[in-house]
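What the coordinates show
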Amino acid sequence: MSEKDPAAGRFAAIQITRLLGVACVIAGMLIATGRILPGLPDWVGYLLIGNGLVDIFVIPSILVKKWRTPK
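Everything quoted here is computed from the prediction, not taken from an experiment.

Thresholds applied
Residues numbered from 1 in each chain as written. Predicted model: local features only at pLDDT ≥ 70, side-chain atom pairs only at ≥ 80, totals over all residues. Heavy atoms only, no water. Helix = DSSP H or I, 4+ residues; strand = E, 2+ residues; numbered from the N terminus. Rg over C-alpha atoms; globule rule 2.2 N^0.38 Å. Buried < 20%, exposed > 50% of the residue type's maximum accessible area, 1.4 Å probe, protein only. Contact = heavy atoms within 4.5 Å. Areas by Shrake-Rupley, 256 points an atom, 1.4 Å probe, with all protein chains shown as cover. Lys, Arg positive; Asp, Glu negative; His and termini not counted. Charge placed at Lys NZ, Arg CZ, Asp CG, Glu CD. Axes fitted to C-alpha atoms, helices over the stretch in contact; angles between N-to-C directions. Parallel < 35°, antiparallel > 145°, perpendicular 65-115°, else oblique. Left-handed = near helix turned anticlockwise from the far one by under 90°. Nonpolar A, V, L, I, M, F, W, Y, C, P; charged D, E, K, R; others polar. UniProt positions renumbered as here; feature names shortened; annotations may be inferred.

Take the overall build of the protein next. The helix and strand tally for the protein stands at three helices and zero strands. Reading the secondary structure of the protein in the N-to-C direction produces α-α-α. Here the protein has a C-alpha radius of gyration of 16 Å; the compact-globule value for 71 residues is 11 Å, and the former is much larger. The proportion of buried residues among the 71 residues of the protein is 23%. Put simply, 57% of the contacts in the protein that link residues at least 6 apart link residues at least 24 apart. Accessible surface for the protein amounts to roughly 5500 Å². Of this, 69% is attributable to carbon and sulfur atoms. Between the centroid of the 8 positive side chains of the protein and the centroid of its 4 negative side chains there is a distance of 7 Å.

Let us look at the packing of helix H1 (residues 6-32) against helix H2 (residues 42-57). The N-to-C vectors of H1 and H2 enclose an angle of 160°; their axes lie 7 Å apart at closest approach. Taken together, the axis directions place H1 and H2 in an arrangement best described as roughly antiparallel. Handedness of the H1/H2 crossing: left-handed. Mapping the contact onto sequence places Thr17, Arg18, Gly21, Val22, Cys24, Val25, Ala27, Gly28, Met29, Ile31 and Ala32 in H1 and Asp42, Gly45, Tyr46, Leu48, Ile49, Asn51, Gly52, Leu53, Asp55 and Ile56 in H2. Residue classes in the contact of H1 with H2 are distributed as 12 nonpolar, six polar and three charged.

Glancing now at the UniProt feature "transmembrane region" (unreviewed entry) in the protein. Residues annotated in UniProt with the feature "transmembrane region" (unreviewed entry) correspond here to residues 12-37 and 43-64. Between the first and last C-alpha atoms of residues 12-37 the distance is 31 Å; the span itself is 81% helix and 0% strand. Taken as a whole, residues 43-64 contains 95% helix and 0% strand, while its terminal C-alpha atoms sit 31 Å from one another.

In structure tokens, the structure reads:
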């Protein structure tokens with residue numbers, strides 16, 4: 001019986017984090033320009049953009065450092 005490789009799950013988690021970050025940036029841009037949910041204030045869109053950028057660039061590097069194999 002083969003065991004599941006933990007690296008595959010970690011890789012998937014990092015990629016899903018990045019993908020959700022891109023979705024937040026796109027949703028934030030659409031909200032800030034008033035194309036979707038025009039009743040929301042612009043700052044909600046900017047908040048989503050900022051959150052998405054953190055999800056794309058910061059969180060994956062933190063996860064990589066946390067899950068790195070000890071040398």
